[in-house]
Amino acid sequence: MFADVFERLREQHGPQEGWWPADSRFEVMVGALLVQRTTWRNAAVAIERLKQVRCMTAERLAHIGTDELRMLIKPAGFFRVKATRLKKLARFVISAGGLDSLSGRQTVELRNQLLELEGVGPETADAMLGYVFDRPVLVVDAYTRRLFARLYHPSPALSDTALKRDAEATLGTTQALNEFHALVIAHGQRCCSPTPSCEPCSLRAICGFEREGQSRLA
Ligand code: SF4
């Protein structure tokens, strides 16, 4: 299923390289926290403001005044909470000896340590693992759950664990899994939205939700 979905989505939406633009791995981590509960556009404004004052390093973020940090990231919303989380992230990276040191840790150990950070749930931890630490993991987000619930319909939706296991076993590499995640988001925004546009969808032939709709019309 995953290889087929991957090929069909790539055919429809094209390559998604550069989907997560960032000048550094630390910027990806910061972006993963700033984008929560807001849009990428708003998060990008906050990231740009941090870069303008040369604050896109763990050391600078750890030492900048909290009020100044709050003002800088205000465009991303929830700026008080996010400022606290960014400072904790920065201190975590510094105390671990930097990103290169963290990169030497086993994936399970690293994932558990990321999950201990305030504001980092499974989705954010897996995004960091995939896009910062080059680990072959699937990011399961709302787009992924909705798409696969519809594809497998009327069978029960797979759990996040099962989705990750199957995708990681099938797609294998970090590059493929990151690309797959980007394609699923593109598809969720252009076709498989809450009210889906099935007409142009490349997955129609393998979609249980679409099949059921067609049989109702027959
Ligand atoms: S056919 Fe419709 S419901 Fe199925 S994946 Fe495509 S857009 Fe989503």
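Residues numbered from 1 in each chain as written. Predicted model: local features only at pLDDT ≥ 70, side-chain atom pairs only at ≥ 80, totals over all residues. Heavy atoms only, no water.

## Here we look at unusual backbone geometry
1) Next: Between histidine 153 and the following residue, proline 154, the backbone shows a cis peptide bond with an omega angle of 10°.
2) Next: In this structure, proline 154 sits in the loop between α10 (142-152) and α11 (160-171).
3) Next: You will see that arginine 54, though not glycine, has its phi angle at about 55°, which is positive.
4) Next: Here phenylalanine 78, not a glycine, exhibits a phi torsion of approximately 45°, which is positive. (Helix = DSSP H or I, 4+ residues; strand = E, 2+ residues; numbered from the N terminus.)

## What about the packing of aromatic side chains?
Two aromatic rings, taken as a pair, are described by how far apart their centres are and by the angle between their planes.
1) Next: Per the stated rule, a full pass over the model turns up seven aromatic pairs.
2) Next: On the basis of an interplanar angle of 55° and a centroid distance of 5.8 Å, the ring pair of phenylalanine 2 and phenylalanine 180 is categorised as tilted. Of this pair, phenylalanine 2 sits in helix α1 (residues 2-13) while phenylalanine 180 sits in helix α12 (residues 174-190), placing them 178 residues apart in sequence. Here phenylalanine 2 and phenylalanine 180 have matching classes, each one buried.
3) Next: Ring centres of tryptophan 20 and tyrosine 131 lie 4.9 Å apart, and the angle between their planes is 45°; this geometry places the pair in the tilted category. (Phe/Tyr/Trp six-rings, centres within 6.5 Å; stacked < 30°, edge-to-face > 60°. Buried < 20%, exposed > 50% of the residue type's maximum accessible area, 1.4 Å probe, protein only.)

## Here's the deal with the domain arrangement of the chain
1) Next: Once the domains are mapped, the chain shows domain 1 (2-16 + 139-217) and domain 2 (25-131).
2) Next: Using C-alpha coordinates to define each centre, domain 1 is positioned 29 Å away from domain 2.
3) Next: Listed by partner, the interface residues are eight residues for domain 1 and six residues for domain 2.
4) Next: The junction of domain 1 with domain 2 conceals about 550 Å² of combined surface from both sides, 53% of it contributed by carbon and sulfur atoms.
5) Next: The tally of links between domain 1 and domain 2 comes to one salt bridge. (Domains from an automatic or database assignment. Contact = heavy atoms within 4.5 Å. Buried area = accessible area lost by both parts, 1.4 Å probe. Salt bridge = Lys/Arg side-chain N within 4 Å of Asp/Glu carboxyl O.)

## A closer look at the site of the ligand
1) Next: Lining the immediate environment of the ligand, one finds Leu147, Arg150, Cys191, Cys192, Pro196, Ser197, Cys198, Cys201, Arg204, Cys207, Phe209 and Glu210.
2) Next: Sorting the residues of the shell around the ligand by element identifies α10 and α13 (208-217) as the ones contributing at least two each.
3) Next: The residue inventory of the shell around the ligand, partitioned by class, reads eight nonpolar, one polar and three charged. (Near = heavy atom within 4 Å. Nonpolar A, V, L, I, M, F, W, Y, C, P; charged D, E, K, R; others polar.)

## Comments concerning the pattern of salt bridges
1) Next: Enumeration over the complete set of coordinates arrives at 15 salt bridges.
2) Next: Note that aspartate 67 is salt-bridged to arginine 70, the shortest N-O span being 3.6 Å. In this pair, aspartate 67 and arginine 70 are both assigned in helix α5 (residues 66-72), three residues apart and thus about one turn of the helix distant.
3) Next: Residue aspartate 67 is classed as exposed on the basis of its relative accessible area, which comes to 55%.
4) Next: Judged by relative accessible area, which is 23%, arginine 70 ranks as partly exposed.
5) Next: For lysine 164, the salt bridge identified is with aspartate 126, shortest N-O distance 3.0 Å. You can see lysine 164 sitting in helix α11 and its partner aspartate 126 sitting in helix α9 (residues 122-131), a full 38 residues away along the chain.
6) Next: Owing to a relative accessible area of 14%, lysine 164 belongs among the buried residues under this scheme.
7) Next: Overall, the relative accessible area of 2% leaves aspartate 126 in the buried class.
8) Next: One network of salt bridges, in which partners are shared, links Arg111, Asp126, Lys164 and Glu168.

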